[in-house]
Amino acid sequence: QQPVQSPQAVILREGEDAVINCSSSKALYSVHWYRQKHGEAPVFLMILLKGGEQKGHDKISASFNEKKQQSSLYLTASQLSYSGTYFCGTESSNDYKLSFGAGTTVTVRA
Amino acid sequence: DAGVIQSPRHEVTEMGQEVTLRCKPISGHNSLFWYRQTMMRGLELLIYFNNNVPIDDSGMPEDRFSAKMPNASFSTLKIQPSEPRDSAVYFCASSFSGPGQGSNQPQHFGDGTRLSIL
C-alpha cells in the first residue's frame, strides 16, 4: 500500500526551510528518499533503517520514527537546486520492495 | 562507472504492436526493478528480480506484460499487444541486496523509456 506524503506541493524562497512528511499504515523496515527533476530519473538521497534514525545530505536531512511509521525530510536553507519532486519509498517487510508515495513538488524561487 | 542503461529512450508505436524495453543494470548489482510512472498512478513497481530470478510480479498489470532477465547484465520488459493506456515512462532500477538485508542499499534508476501508444 502506498505511503501518504504531505504536503502535495510547496513553494519556497531561497534560504527558507520546509518539511515533507511520509506516513505508512504498515510497520516499516526502511524508508528511502529520492528527488526527481522534470523529465529525469529519480535520484537517491538517503535511506533510513532504524527507528529514530536521522541522516543528512548537505542541508537535506531526514528522520524516521519507527513507532509512528513515519518519516520526515527536512530541507534547510533551500537552494534553487532543491527544486523537484521528492518521493519517499517505504519497505514494509524485509523483501526489497519499495512502495512510493505520490510525491511532493518543491519549487524554490530566487 | 556506467549507470543503469535503458533503451530506447523514446518509443512511439501503434496500438496492437509489440513493444520491447531493455535494461542493463549496474555491474555487480544483483537486484533489478521495473517501474512504471504516470501522472495518475505515480511510480509503480511492476516486477523485480533478485539474482536473475523473478521474485515478485504482482505489479504486472495483466498477461500482456512479461519480463525476463536471462543473465545478470540484461533484462527486457515486453508488452504484447500494446494499448494506449500503456503509455507511460518505464524505469529500470538496480541495487545490491545482501541476504536478509532488505532494502539497505539505494536503487539506481536508468533514464527511463518514454512510451507512447497511439
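Residues numbered from 1 in each chain as written. Chains lettered and ligands numbered in written order. Predicted model: local features only at pLDDT ≥ 70, side-chain atom pairs only at ≥ 80, totals over all residues. Heavy atoms only, no water.

## What about the overall build of chain A?
Inference 1: The number of helices and strands found in chain A is 0 helices and 11 strands.
Inference 2: Secondary structure elements of chain A occur, N-terminal to C-terminal, as β-β-β-β-β-β-β-β-β-β-β.
Inference 3: Computed over its C-alpha atoms, the radius of gyration of chain A comes to 13 Å, within 12% of the 13 Å expected for a compact globule of 110 residues.
Inference 4: Projecting the C-alpha coordinates of chain A onto the three principal axes gives extents of approximately 40 × 30 × 20 Å.
Inference 5: The buried share of chain A, taken over its 110 residues, is 45%.
Inference 6: Pairs at least 24 apart in sequence give 56% of the contacts found in chain A among residues at least 6 apart.
Inference 7: Surface accessibility of chain A: about 5400 Å² in total, with carbon and sulfur atoms responsible for 48%. (Helix = DSSP H or I, 4+ residues; strand = E, 2+ residues; numbered from the N terminus. Rg over C-alpha atoms; globule rule 2.2 N^0.38 Å. Buried < 20%, exposed > 50% of the residue type's maximum accessible area, 1.4 Å probe, protein only. Contact = heavy atoms within 4.5 Å. Areas by Shrake-Rupley, 256 points an atom, 1.4 Å probe, with all protein chains shown as cover.)

## With respect to the interface of chain A and chain B
Reports often express the size of an interface as the amount of accessible area lost when the parts come together.
Inference 1: In this assembly, 21 residues from chain A lie in contact with 26 residues from chain B.
Inference 2: Summing the contributions of chain A and of chain B, the shared interface buries around 1800 Å²; its carbon and sulfur component is 57%.
Inference 3: With its nearest N and O atoms 2.7 Å apart, the salt bridge here joins Lys97(A) to Asp56(B).
Inference 4: Put simply, the parts of the chain that give the side of chain A that touches chain B at least two residues each are β4 (30-36), β5 (43-48) and β9 (84-91) of chain A.
Inference 5: Residue contributions to the side of chain A that touches chain B peak at 4 residues, all from β4(A). (Buried area = accessible area lost by both parts, 1.4 Å probe. Salt bridge = Lys/Arg side-chain N within 4 Å of Asp/Glu carboxyl O.)

## Re the state of the cysteines
A covalent bond bridging the sulfur atoms of two cysteines is what the word disulfide describes.
Residue and element names in this part refer to chain A.
Inference 1: Under the defined criterion, the tally for this structure stands at 2 disulfides over all chains.
Inference 2: Covalently, Cys22 is tied to Cys88 through a disulfide, its sulfur atoms 2.1 Å apart. Its S-S torsion of about 75 degrees marks the bond between Cys22 and Cys88 as right-handed, since a negative value means left-handed. Of this pair, Cys22 sits in strand β3 (residues 18-23) while Cys88 sits in strand β9, placing them 66 residues apart in sequence.
Inference 3: A relative accessible area of 1% places Cys22 in the buried class. (Disulfide = S-S within 2.5 Å.)

## Quick word on the sheet that holds strand β7 (residues 65-71) of chain B
Residue and element names in this part refer to chain B.
Inference 1: Taking strand neighbours across the sheet as the criterion, the 4 strands line up as β1-β3-β8-β7 in an open arrangement whose pairing is antiparallel. For this open sheet the edge positions go to β1 (5-7) and β7, each flanked by a neighbour on one side alone. The mean angle between the axes of side-by-side strands here comes to 15 degrees, regardless of whether they run parallel or antiparallel.
Inference 2: Looking at chain direction, β1 and strand β3 (residues 19-24) are connected through 3 bridges and run antiparallel. Along β3, the bridge assignment pairs Ile5 with Lys24. (Pairing = 2+ DSSP bridges. Axes fitted to C-alpha atoms, helices over the stretch in contact; angles between N-to-C directions.)

## A short note on the environment of Thr104(A)
Residue and element names in this part refer to chain A.
Inference 1: Among the secondary structure elements, Thr104 is positioned in strand β11 (residues 104-109).
Inference 2: Here Thr104 falls in the buried class, since its relative accessible area comes to 0%.
Inference 3: For the pair Thr104 and Cys88, spaced 16 residues apart in the sequence, the C-alpha separation amounts to 9.1 Å.
Inference 4: Not counting residues up to four positions away in its chain, the partners in contact with Thr104 are Gln5, Ser6, Pro7, Gln8, Ala9, Val10, Ile20, Gly84, Thr85 and Tyr86.
Inference 5: A distance of 2.7 Å separates a polar atom in the side chain of Thr104 from the backbone oxygen of Pro7. (Polar contact = N/O pair within 3.5 Å; in protein donor to acceptor, adjacent residues only side chain to side chain.)

## Observations regarding the packing of aromatic side chains
Inference 1: In total, this model carries 9 aromatic pairs over all chains according to the counting rule given.
Inference 2: Here Tyr34(A) and Phe109(B) contribute two aromatic rings whose centre-to-centre distance is 5.6 Å and whose plane-to-plane angle is 80 degrees, an arrangement assigned as edge-to-face. Taken together, the residues Tyr34(A) in strand β4 and Phe109(B) in strand β10 (residues 108-109) connect one chain to another. Considered together, Tyr34(A) and Phe109(B) belong to a single accessibility category, that of buried residues.
Inference 3: On the basis of an interplanar angle of 25 degrees and a centroid distance of 5.4 Å, the ring pair of Phe33(B) and Tyr48(B) is categorised as stacked. In this pair, Phe33(B) is assigned in strand β4 (residues 31-38) and Tyr48(B) in strand β5 (residues 42-50), connecting sequence segments 15 residues apart. In terms of burial, Phe33(B) and Tyr48(B) fall into one category: buried.
Inference 4: Members of the aromatic cluster, joined through ring pairs, are Tyr34(A), Phe44(A), Phe100(A), Phe33(B), Tyr35(B), Tyr48(B), Phe91(B) and Phe109(B). (Phe/Tyr/Trp six-rings, centres within 6.5 Å; stacked < 30°, edge-to-face > 60°.)

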